[in-house]
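# Commentary on secondary and tertiary structure
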Amino acid sequence: MPIVTALYLLYLAAPIALLAIGSVGQSWTNSLLPSGLTAGWYGQLWSDASFRRAFTVSLTVCAATCAVTALIGVPLAYAIYGASRRGVRAAARVLFLLPVAAPPLVLGFGFILVFSSDSLPFLGSGWLLVAGHVVSTLPYLMQALVADMRHLDLVTLETAAESLGAGFRQRLFGIVIPSLRQSLSSGLIMVAALSIGEFQLSNLIAGFLSRPYPVVLLQAFYGATGFACAGTMLLLLLAVLSALASASAGRGLPSRKGTPS
Amino acid sequence: MSVVVDSLAFRYPAAGAGLDGVSLDVAPGEFCAVIGPSGCGKSTLLKLIAGFLSPAAGRIRIAGTDMTGVPPRLRNLGIVFQNYALFPHMTALENVAYPLKLRGVGRAERLSRAGQALERTRLSGLADRYPRQLSGGQQQRVALARALVFAPGALLLDEPLSALDAAHRAAMRDEIRAVQREHGIATLHVTHDQEEALSIADKVAVMRDGALLQLASPQELYDRPADRFVAGFVGHANLFDGTVRGPDLVETAIGPLACATGGLPAGTAVTLLARPEAVRTDPPDGTVNCFTGTLVRDRFLGSLRRYDLAVPGGTILGETLSRGDIRSVQIPPGCLRILPA
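Residues numbered from 1 in each chain as written. Chains lettered and ligands numbered in written order. Predicted model: local features only at pLDDT ≥ 70, side-chain atom pairs only at ≥ 80, totals over all residues.

What follows covers the overall build of chain B. Across its full length, chain B carries eight helices and 21 strands. With respect to the three principal axes, the spread of C-alpha positions in chain B is 80 × 45 × 35 Å. Looking at chain B as a whole, 41% of its 341 residues qualify as buried. Counted over contacts in chain B with a minimum sequence separation of 6, partners at least 24 positions apart contribute 63%. (Helix = DSSP H or I, 4+ residues; strand = E, 2+ residues; numbered from the N terminus. Buried ≥ 20, exposed ≤ 12 C-beta atoms within 10 Å, placed from the backbone. Contact = placed C-beta atoms within 7 Å.)

The helix and strand tally for chain A stands at 12 helices and two strands. Its helices and strands in sequence order give chain A the pattern α-β-β-α-α-α-α-α-α-α-α-α-α-α, from N to C terminus. With the principal axes as the frame, chain A shows a C-alpha extent of 70 × 55 × 35 Å. Taking all 261 residues of chain A together, the buried fraction comes to 36%. For chain A, restricting intrachain contacts to residue pairs at least 6 apart in sequence, the fraction spanning at least 24 positions comes to 74%.

If you check helix α9 (residues 181-197) of chain A, its first and last C-alpha atoms are 24 Å apart, about what 17 residues at 1.5 Å a residue would give, namely 24 Å. What α9 of chain A keeps buried is the set Ser183, Leu184, Gly187, Leu188, Ile189, Val191, Ala192, Ser195 and Ile196 of chain A. (Expected span 1.5 Å × (residues − 1).)

Chain B puts 22 residues into the contact, and the matching count from chain A is 20 residues. Secondary structure elements with two or more residues in the side of chain B that touches chain A: β6 (77-80) and α2 (92-102) of chain B. When residues of the side of chain B that touches chain A are assigned to their parent elements, the largest contribution, seven residues, is made by α2 of chain B. For the side of chain B that touches chain A, a count of residues per class yields 15 nonpolar, three polar and four charged. (Nonpolar A, V, L, I, M, F, W, Y, C, P; charged D, E, K, R; others polar.)

Glancing now at the domain arrangement of chain B. Partitioning chain B into structural domains gives domain 1 (3-229) and domain 2 (236-338). Relative placement of domain 1 of chain B and domain 2 of chain B: their C-alpha centres are 39 Å apart. (Domains from an automatic or database assignment.)

All right, on to the packing of helix α5 (residues 104-115) of chain A against helix α6 (residues 126-152) of chain A then. All names here are of chain A. With their axes 11 Å apart at the nearest point, α5 and α6 run at an angle of 145° to one another. Between α5 and α6 lies a crossing of right-handed hand. Each of Pro104, Leu107, Phe111 and Phe115 in α5 lies in contact with α6, whose residues at this interface are Leu128, Gly132, Val135 and Ser136. Counted by class, the contact of α5 with α6 contains six nonpolar, two polar and no charged residues. (Axes fitted to C-alpha atoms, helices over the stretch in contact; angles between N-to-C directions. Left-handed = near helix turned anticlockwise from the far one by under 90°.)

This part takes up the UniProt feature "transmembrane region" (unreviewed entry) in chain A. Residue and element names in this part refer to chain A. The positions UniProt marks with the feature "transmembrane region" (unreviewed entry) are residues 55-82, 94-116, 122-142, 188-209 and 221-247. In this annotation, residues 55-82 is assigned 100% helix and 0% strand; the end-to-end C-alpha distance for the span is 40 Å. From the first C-alpha to the last, residues 94-116 spans 28 Å; its make-up is 87% helix and 0% strand. (UniProt positions renumbered as here; feature names shortened; annotations may be inferred.)

Another aspect to go through is the sheet that holds strand β15 (residues 280-281) of chain B. Residues and elements named next belong to chain B. The three strands lie next to each other as β15-β20-β16, forming an open sheet whose pairing is antiparallel. Taken across any chain shown, the strands that pair with only one partner, and hence form the sheet edges, are β15 and β16 (290-292). Where β16 lies against strand β20 (residues 328-330), three bridges are found, and the strand directions are antiparallel. Looking at the pairing, Cys290 lines up with Gln330 of β20. (Pairing = 2+ DSSP bridges.)

Residues and elements named next belong to chain A. Within the element layout of this structure, Gly197 appears in helix α9. Residue Gly197 is classed as partly exposed on the basis of its 18 C-beta neighbours within 10 Å. It is 8.5 Å that separates the C-alpha atoms of Gly197 and Leu236, two residues lying 39 residues apart in sequence. Once residues lying within four places of it in the same chain are set aside, the contact partners of Gly197 are Pro214 and Ala239.

Rendered as structure tokens:
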């Protein structure tokens, strides 16, 4: 068992390690490992305006996606969790899981059809990109939230708070949201990671000036290997940073270990 | 402050089950337990009093005020839930202080009062712990402190001991009773455990199929049950179906039994109740209501021994301190009670 685990971890880590090595290798053509050592590829990446812009777009879209999914996800998950009829709960689950089941290409073509018309000419805008990312990442946050609500038996917690004298707002901000802090935090990490790495949908609906990092990164693979490796390493760094930022944003919600209130 | 329930009725739309005209009152400082089998309506009664369900008919008065239709948050009731419902993101102290915060009590005062409440439940050393860091019994005590800290009009307990193991349950039972007495608060305790109800309550309400069958003190409930169901549900019982054959004589499947029939005419169908502890072992020859049989079950329970003696026509359940062989038993006529068939 430990050997299988070790081999699996090696299998996972090997491409990342090769990318890291390749990003500082001077030349890498028809050999197992690159030759020479350089930080020049990172320098080139930084000096490229389109990459810098894509980097900013990705961070902005990721932050906006996290904010919108959190705003929509909490009440939606609560409505699904609280729905008294089994049929309503099942229908809601199918609806919010649909974007996971449908290929991003289908979603992308749907966006193109709807938002390239004269009445809705939003194709290529940054906000449409955010909307696309919200649709494709919301199910993951919802899953985490609904599971946590069930685990916590949130209805009983709310009932208890109500019996103690809490009104709706006091229950929402004093009990519901703080209780969901951990699942909201872990769900947003997933949303951030997915948003940063999203390529298929973004490639179809992003405008020239709103292209996120993965879409621009594709160009790098037509050039030098070292440049592509450095670009990919930066994407990895971007995903980790976004996940950390969204996790810390989640922790910033009303305190779970605060001072006595 | 008291709880008075008058002709309360409720029906679940889908299941059809509910409550049919239940009336009961719990006086200030009184502890009333509600027992009954699953689905009898005891939890529904508690939810109606708490305001989580709205009755189809009837009134609910808490501390003299009609609370029918008043939202739960305005009923001023302390409730301890089955799973305690402690807020996971708050410490024990924060949990207890929460109802005071909702009532606008200043921070220093509410922390002081919450600390005192925890002290009364012997938890002052665990004030900074989160619910997940507390044992079931400790969580139970925090829930009790939280339910009482704001001096509620009445206390509702929804099977609060069911999640505890047997050893802790008995200790917590006494503790709940002591705290309730200290606060002198009207308390309604819903439980499926009849032993718990008999040991803790001033009076016990027995429910079945949405109806209140009997409301009486534990002793009265045990000694003078209203009907066959109550007799069988509260404690162990020998129940013999029979017919009155003459003055002080009832014919049953195990044979004729001498007992006070209270002037019932011959031919009346009745049920005879004999508690197992009243059954005497190895009686002298010639005594009435004697039966000889074979011991088919024998359970050693430490302080007593419970046995089943198979006799022609049925089985007699008895309890004794004797360790010897049991061949014959007597059901003293004075220990037999006639119930409606």
